[in-house]
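# Observations on chain architecture
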Amino acid sequence: MSKVLNEVVGTVEYDNLFYSNNVPAIANGVIVASGQGELKRGTLLAKTADNKMIVLGSAEGTADCVLTDDIDATDADVETTAYIQGNFNINALIVADEYTITEADKDALRTKNILLGNTLG
């Protein structure tokens, strides 16, 4: 049995979600409310009164965390993970259509040690 040592076994695609690693990224379990549709990694989530997560700007809720993976919350609540701490590229975050991240959102996230910044280039 022999192995070719110069073959490609995998690739990495960078999504620029993280701005810096000065604040370690920590993930935790969350429940995303049904009816949110297909959500992509990097979606900024807000916590509702019933402690479920929705896309920030889609309804009333407080900015809370960042989705770690793509999910489909079209028909049912989804148990998944979200970053509850880290330093994120504000330009890579996904929010509801026609919504702009506000200073109040940034302040709420900062209390949770989620820091937003811009990458160069």
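Residues numbered from 1 in each chain as written. Predicted model: local features only at pLDDT ≥ 70, side-chain atom pairs only at ≥ 80, totals over all residues. Heavy atoms only, no water.

### Digging into the overall build of the chain
Put simply, the test is: For the purposes of this entry, the term helix denotes a DSSP run of H or I that reaches at least four residues, the term strand denotes a run of E that reaches at least two, and both are numbered from the N terminus. Three labels apply to residues, based on accessible area from a 1.4 Å probe with only protein chains included: buried if under 20% of the type maximum, exposed if over 50%, partly exposed otherwise in between. Contact definition: two residues touch when any of their heavy atoms are within 4.5 Å. Computed by Shrake-Rupley with a 1.4 Å probe, the accessible areas treat only the displayed protein chains as cover when residues are assessed.
Regarding its fold elements, the chain presents one helix and nine strands. Helices and strands appear in the chain in the N-to-C order β-β-β-β-β-β-β-β-α-β. Its C-alpha atoms give the chain principal-axis dimensions of roughly 60 × 35 × 25 Å. Within the chain, buried positions represent 38% of all 121 residues. Put simply, 66% of the contacts in the chain that link residues at least 6 apart link residues at least 24 apart. When the accessible surface of the chain is split by element, carbon and sulfur atoms take 47% of a total near 7,800 Å².

### Considering the side chain of glutamine 85
The condition is simple: Throughout this description, a polar contact denotes any pair of N or O atoms lying within 3.5 Å of each other; where both atoms belong to protein, one of them has to be capable of donating a hydrogen while the other can accept it, and for residues adjacent in sequence the pair is counted only when both atoms sit in side chains.
Its place among the elements puts glutamine 85 in strand β8 (residues 78-89). Relative accessible area serves as the criterion here: at 16%, glutamine 85 is assigned to the buried category. A polar contact is formed between the side chain of glutamine 85 and the backbone oxygen of proline 24, at a distance of 3.0 Å. Residue contacts for glutamine 85: discarding those within four places in its chain leaves Val23, Pro24, Ala25, Ile26, Lys112, Asn113 and Ile114.

### Examining helix α1 (residues 103-110)
Here is the rule we go by: Regarding the arc, it is the one traced by the directions from the helix axis to the C-beta atoms.
Asp105, Ala108 and Leu109 are the residues of α1 that are buried. The buried residues of α1 occupy an angular sector of 95° when the element is viewed end-on, so they sit on one face. Projecting away from the buried face of α1 at angles above 90 degrees are the exposed residues Glu103 and Ala104. The inward-facing, buried residues of α1 contact β4 (44-47), β6 (62-67) and β9 (114-117).

### Considerations on the side chain of glutamine 36
Along the chain, the position of glutamine 36 falls in the loop between β2 (26-32) and β3 (37-39). There is a polar contact of 3.0 Å between the side chain of glutamine 36 and the backbone nitrogen of valine 55. Leaving out residues up to four positions away in the same chain, glutamine 36 has contacts with Met53, Ile54, Val55, Ser58 and Ala73.

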